[in-house]
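In case you want the letters, here they are:
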Amino acid sequence: MVGVGPDGEDSILARVSLVNQFGKCIYDKYVKPTEKVTDYRTAVSGIRPQDIKDGEDLRTVQREVAEILQGRIVVGHAIHNDLKILLLDHPKKKIRDTQKYKPFRKRVKSGRPSLKVLCREILNVKVQEGEHSSVQDAQATMRLYTLVKKQWEAEIKASKTNKDTDQKKERKPKFPRNKGKKLT
């Protein structure tokens, strides 16, 4: 994302990168700005003016990304930000967010751990040292997920099974008891 508006406080999409479960980049496009960019945030975003001046139209990127994500499990880090900026919706049950995964949060003792911290503490890998690369961030996020995929998916399946059995338990209605009182 790059900054727009006064002091570049607001964000617009500048690049979208998607990797498959093996970390292979399957989609990587720069996006033509829809507003005047006031802060390229190059130190963080890695984006420069020449990268996006001939970028793809935002609507095209939205459509292509939506088609790729359709029916799939989407893995990301603080993925709600990405979906929001893309103006896309995705079923909650098909989202795996490494920032929200409890075992990761416990391990690094943080309620909202950064990707940098998770990679350093869990993968023993340094990321985001200088300019960020959305491809490298996506690959790092996918590595975190695949490391715990079996456990994560088993937890989801178990919680779904528990919800299903809770719903199947038939409850008998409780009626107030009339202790020693006669109804007339």
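Residues numbered from 1 in each chain as written. Predicted model: local features only at pLDDT ≥ 70, side-chain atom pairs only at ≥ 80, totals over all residues. Heavy atoms only, no water.

You'll find the protein chain entered in an unreviewed UniProt entry as RNA exonuclease 4, with Larimichthys crocea given as the organism. Listed under Subcellular location (unreviewed entry) in UniProt, the entry text for the protein chain is "Nucleus". According to UniProt, the comment filed for the protein chain under the heading Sequence similarities (unreviewed entry) is "Belongs to the REXO4 family." (UniProt positions renumbered as here; feature names shortened; annotations may be inferred.)

Caption draft 1: Layout of the overall build of the protein chain. Looking only at helices and strands, one finds seven helices and seven strands in the protein chain. Ordered by position from N to C terminus, the α and β elements of the protein chain give β-β-β-β-β-α-α-α-β-α-β-α-α-α. Across the 184 residues of the protein chain, 35% fall into the buried class. Contacts in the protein chain between residues far apart in sequence, at least 24 positions, make up 52% of those at least 6 positions apart. (Helix = DSSP H or I, 4+ residues; strand = E, 2+ residues; numbered from the N terminus. Buried < 20%, exposed > 50% of the residue type's maximum accessible area, 1.4 Å probe, protein only. Contact = heavy atoms within 4.5 Å.)

Caption draft 2: Focus on unusual backbone geometry. In this structure, Leu87 is a non-glycine residue whose phi angle is positive, near 55°. Residue position: Leu87 is located in the loop between α4 (79-85) and β7 (95-97). Taking relative accessible area as the criterion, Leu87 reaches 68% and is therefore assigned exposed. The phi dihedral of Gln128 is positive, around 55°, even though this residue is not glycine. For Gln128, the location among the structural elements is in the loop between α6 (115-123) and α7 (134-168).

Caption draft 3: Up close: the packing of aromatic side chains. This model, assessed by the stated rule, comprises four aromatic pairs. With a centroid separation of 4.9 Å and an interplanar angle of 80°, the aromatic rings of Tyr101 and Phe104 are classed as edge-to-face. Look at Tyr101 and you get buried, because its relative accessible area is 4%. By relative accessible area, Phe104 is classed as buried at 3%. What links up through ring pairs into an aromatic cluster is the set Tyr101, Phe104, Tyr145 and Trp152. (Phe/Tyr/Trp six-rings, centres within 6.5 Å; stacked < 30°, edge-to-face > 60°.)

Caption draft 4: Local environment of the sheet that holds strand β2 (residues 10-12). Strands sit in the order β2-β1-β5 across an open sheet of three strands; the sheet is antiparallel. The open sheet is flanked by β2 and β5 (37-39), the only strands paired with a single partner. Ignoring strand direction, the axes of neighbouring strands in this sheet form an average angle of 60°. The sheet contact formed by strand β1 (residues 2-4) and β5 spans two bridges and is antiparallel. Counterpart to Val4 in the pairing with β5 is Val37. (Pairing = 2+ DSSP bridges. Axes fitted to C-alpha atoms, helices over the stretch in contact; angles between N-to-C directions.)

Caption draft 5: Focus on the pattern of salt bridges. Across all of its chains, the model carries seven salt bridges by this definition. Two residues, Glu121 and Arg120, come together in a salt bridge whose shortest N-O distance is 3.1 Å. What makes Arg120 partly exposed here is its relative accessible area of 43%. (Salt bridge = Lys/Arg side-chain N within 4 Å of Asp/Glu carboxyl O.)

Caption draft 6: Spatial organisation of the environment of Asp137. The residue Asp137 is located in helix α7 in this model. Its relative accessible area of 17% is what places Asp137 among the buried residues. Between the alpha carbons of Asp137 and Val19 there is a distance of 9.8 Å; along the sequence they are 118 residues apart. Setting aside anything within four residues of it in sequence, one finds Asp137 in contact with Leu115, Gln128 and His132.

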